[in-house]
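Okay, here's what each chain looks like letter by letter:
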Amino acid sequence: MTRSHRIDIGGLLAGSRQRLVLDDAVTIEAFEGIAFPDPARVHLEMRCVDRMLTIEGTVDARAQGPCDGCLDDVDRSIHVDVEERFDPRVGDARDPFGEGNVLHGDRLDVGDLAQQLVLSAVPMGLRCRENCAGLCGVCGANRNAGDCSCDR
Ligand SMILES: [Zn+2]
Ligand SMILES: [Zn+2]
């Protein structure tokens, strides 16, 4: 597992006025049947504003999984506009994203951050189209392809 995308932001947190720009490709782990075949493209700009770590940028990924209705393969691009603020003084004690910790002292875990951003942007249940007709409950035919013979 190559998830060691930790970058040192100690300089930023120490109050330097620099801006840190990061371009990276990050592997996103599969989640609840949804796979991410390509590494997510991550572009982030980090600054320290009023002692808050500000992260702005974009994350682009591709999600693949079965349609919730008809089980057809769905291939969707995921685009995330990032605008996050972290309080570095809180550090590991409280995490704005819940489960994972993205800030470890002076290090920002870009892998975890990208993973959480992408997952938060994936719709609950992929759909092949907005009005997917789903599968016939009787014969299991894909009703997007047309009515099956057991239609009322
Ligand atoms: Zn469908
Ligand atoms: Zn049918």
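Draft legend 1. Representation of the sheet that holds strand 6 (residues 103–104) in the model. The strand order across the open sheet built from three strands is 1-7-6, with neighbouring strands paired in antiparallel fashion. Across the chains shown, the open sheet's two edge strands, defined by having one partner strand only, are strand 1 (6–8) and strand 6. Bridge count between strand 6 and strand 7 (residues 107–109): two bridges; the pairing is antiparallel. When the bridges of strand 7 are listed, Leu103 appears paired with Leu108. Here helix 2 (residues 110–121) sits on the sheet in contact with strand 1 and strand 7, set at roughly 40 degrees to strand 7.

Draft legend 2. Spatial organisation of helix 2. A rise of 1.5 Å per residue sets the reference length of helix 2, with its twelve residues, at 16 Å; its end C-alpha atoms lie 16 Å apart and thus fit the reference within 8%. Most of helix 2 is tucked away: nine of the twelve residues are buried. Residues of helix 2 that are buried include every one of Val110, Gly111, Asp112, Leu113, Ala114, Gln115, Gln116, Leu117 and Val118, and no others. Where helix 2 is buried, its residues meet strand 1, strand 2 (20–26), strand 3 (40–49), strand 4 (52–66), strand 5 (73–86) and strand 7. A distance of 3.1 Å separates the backbone nitrogen of Gly111 from a side-chain oxygen at the start of helix 2, and that oxygen is part of Asp109.

Draft legend 3. Layout of the layout of surface pockets. Within this model, the second largest pocket holds a volume of roughly 220 Å³. Phe31, Glu32, Gly33, Ile34, Pro66, Asp68, Leu119, Val122, Pro123, Met124, Gly125 and Leu126 together form the lining of the second largest pocket.

Draft legend 4. Main features of the coordination of the zinc ion (ligand 2). Around the zinc ion (ligand 2), the protein contributes the donor atoms Cys136 (SG), Cys139 (SG), Cys148 (SG) and Cys150 (SG), which lie 2.0 to 2.3 Å from the metal centre. Geometry at the zinc ion (ligand 2) is tetrahedral, judged from its four donor atoms and the angles of 104 to 115 degrees they form at the metal. For the zinc ion (ligand 2), the donor residues sit on a single chain with the sequence spacing C-x2-C-x8-C-x1-C. Of this pair, Cys139 sits in the segment after helix 2 while Cys150 sits in the segment after helix 2, and the two are eleven residues apart along the sequence.

Draft legend 5. Geometry of the coordination of the zinc ion (ligand 1). Protein coordination at the zinc ion (ligand 1): the donors are Cys67 (SG), Cys70 (SG), Cys128 (SG) and Cys132 (SG), at 2.3 Å from the metal. For the zinc ion (ligand 1), the four donor atoms in the first shell make angles of 108 to 111 degrees at the metal, so the coordination geometry reads as tetrahedral. Ordering the donors of the zinc ion (ligand 1) by residue number gives the pattern C-x2-C-x57-C-x3-C. With Cys67 in the loop between strand 4 and strand 5 and Cys128 in the segment after helix 2, this pair connects stretches of sequence that are 61 residues apart.

The rules behind each value
- Residues numbered from 1 in each chain as written.
- Chains lettered and ligands numbered in written order.
- Predicted model: local features only at pLDDT ≥ 70, side-chain atom pairs only at ≥ 80, totals over all residues.
- Heavy atoms only, no water.
- Pairing = 2+ DSSP bridges.
- Helix = DSSP H or I, 4+ residues; strand = E, 2+ residues; numbered from the N terminus.
- Contact = heavy atoms within 4.5 Å.
- Axes fitted to C-alpha atoms, helices over the stretch in contact; angles between N-to-C directions.
- Expected span 1.5 Å × (residues − 1).
- Buried < 20%, exposed > 50% of the residue type's maximum accessible area, 1.4 Å probe, protein only.
- Polar contact = N/O pair within 3.5 Å; in protein donor to acceptor, adjacent residues only side chain to side chain.
- 1 Å grid on protein atoms, 1.4 Å probe; cavity = no way out; pocket = protein on both sides within 12 Å on 5 of 7 lines; lining within 4 Å.
- Points joined across faces, edges and corners; volume = space filled by probe spheres on them.
- Donors = N, O, S within 2.8 Å, 3.2 Å for Na, K, Ca; no water.
- Tetrahedral: all angles 85-135°; square planar, octahedral: opposite > 155°, others 65-115°.

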